[in-house]
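# Notes for the structure review
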Amino acid sequence: MSIWEMLAVFGAGISAGAINTVVGSGTLITFPVLLATGLPPVTATVSNALGLIPGSISGAIGYRKELAGQGRRVLRLSIGALIGGLTGATLLLTLPSTAFETIVPILVALALTLVILQPRISKAVQRRRELNGTTARSDGGPLLVVGLMLASVYGGYFTAAQGIIYLSLMGMLLDDTMQRLNAVKNVLAAVVNSVAALFFLFVADFDWTAVALIAVGSALGGQIGAKAGRRLSATVLRGLIVAVGTAAIVQLVLR
C-alpha cells in the first residue's frame, strides 16, 4: 500500500468503529476502501473482519454502563451468535460471492421496517400481555436466540448492517431501552467478528497491513462512537439507524 492508501484505510477504520458502535454497517465504509487498494474480495472481507474486532470490543467497553445487569442475557445470546458467526465464516469460503447479494438488501430493508414500527408493535404487544396477564421474557425466548443466530450467519459471512438486524430483532422481542439493546449489540458483534476471524486465521489469507490499520482505527472509533451514541435519545438513535440502513441498502444494491 502507498502512504495515501494506508491513510485512507486508517480513516475508514475510525469511521467504521464509530458507526458500528452507534448503529452498525461500518463494513460498508472499510470494505470498498480495501477493494480500492487492490485487495481481492475474500482477502478484503477476512482482513476487515479481523481488523474490526478491537473496534467492537472498544465499543462494548464504552457501553459498559448500559451492559450492567445484562450478563445472563448477553451470555445466552452470545452462544447463538458464536454458532451463527462460525457458520457464516464457513459459508464465505464455500459459497459463491453472489449467494447473499440478492437477499441481503431485503434483510436490511425488513430490519429497518421493524426498527421504524418497533414502538407501535411494542405497545400493541404490551397491551396484549396486560390483557392476558403475562410479562415479557427478559431473554427474548427461543425466537430471539434463533433469530440472532441466523443474523450472525450473515454477520460471519459479510457483517455489513448486521447490527441493524440485531437491534430490530431485540427491539421487537425485548422490553428494554434502545441504548441497553445497543450495548448488547456491540458485544454480539464482537463475538461474531472474533469467531469468524479466528476461523479465517487457519484457512484464509490476510493483508496484515490492512488488519493493523483497521484495528487501530476502529478501536479509536469505538470510543468516539460510544461517547456520542450514549447521548442520543431513543428517537434520534432510531432515526440514525434508519438513515444508515437506507444508505446501506443503496450501496448494496448498486455495488
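See the structure above.
Here the structure is a predicted model, which means the values were calculated and not measured. (Residues numbered from 1 in each chain as written. Predicted model: local features only at pLDDT ≥ 70, side-chain atom pairs only at ≥ 80, totals over all residues. Heavy atoms only, no water.)

The next thing to look at is the side chain of Thr30. Mapped onto the elements, Thr30 comes out in helix α2 (residues 27-36). The exposure class assigned to Thr30 is buried, which follows from its relative accessible area of 1%. Reaching out from Thr30, the side chain makes a polar contact with the side chain of Asn48 at a distance of 2.5 Å. If sequence neighbours within four positions are ignored, Thr30 has contacts with Ala12, Gly13, Ala16, Asn48 and Ile214. (Helix = DSSP H or I, 4+ residues; strand = E, 2+ residues; numbered from the N terminus. Buried < 20%, exposed > 50% of the residue type's maximum accessible area, 1.4 Å probe, protein only. Polar contact = N/O pair within 3.5 Å; in protein donor to acceptor, adjacent residues only side chain to side chain. Contact = heavy atoms within 4.5 Å.)

Before going further, it helps to spend a moment on the environment of Leu167. Secondary-structure assignment places Leu167 in helix α9 (residues 162-173). The exposure class of Leu167 is buried, given its relative accessible area of 2%. Once the C-alpha coordinates of Leu167 and Leu181 are considered, the two residues, 14 residues apart in sequence, prove to be 6.7 Å apart.

Counted by the stated rule, this structure contains two salt bridges. In this structure, Arg180 engages Asp176 in a salt bridge whose closest nitrogen and oxygen atoms are separated by 2.9 Å. Accessibility expressed as a relative area gives 24% for Asp176, which makes it partly exposed. One continuous salt-bridge network, built from bridges that share partners, spans Arg73, Asp176 and Arg180. (Salt bridge = Lys/Arg side-chain N within 4 Å of Asp/Glu carboxyl O.)

All right, on to helix α1 (residues 3-22) then. Between its first and last C-alpha, α1 extends 29 Å over 20 residues, near the 28 Å set by a 1.5 Å rise per residue. Within the sequence span of α1, burial applies to Val9, Ala12, Gly13, Ala16, Gly17, Ala18, Asn20, Thr21 and Val22. Among the residues trailing α1, Gly24 stands out with phi positive, at a value near 130°. (Expected span 1.5 Å × (residues − 1).)

Before going further, it helps to examine the packing of helix α3 (residues 41-51) against helix α11 (residues 208-229). The interhelical angle for the contact between α3 and α11, taken along N-to-C directions, is 35°, at an axis separation of 8 Å. Classified by chirality, the crossing of α11 by α3 is right-handed. Facing Ser47, Asn48, Leu50 and Gly51 of α3, the residues of α11 in contact are Trp208, Val211, Ile214, Ala215 and Ser218. Class assignment for the residues of the contact of α3 with α11 results in five nonpolar, four polar and no charged. (Axes fitted to C-alpha atoms, helices over the stretch in contact; angles between N-to-C directions. Left-handed = near helix turned anticlockwise from the far one by under 90°. Nonpolar A, V, L, I, M, F, W, Y, C, P; charged D, E, K, R; others polar.)

With that settled, the discussion passes to the side chain of Ser78. When you line up the elements, Ser78 lands in helix α6 (residues 71-94). A residue is classified by how much of its surface remains accessible, and Ser78, at 11% relative accessible area, is buried. Once residues within four sequence positions are removed from consideration, Ser78 is found in contact with Val187, Leu188 and Val191.

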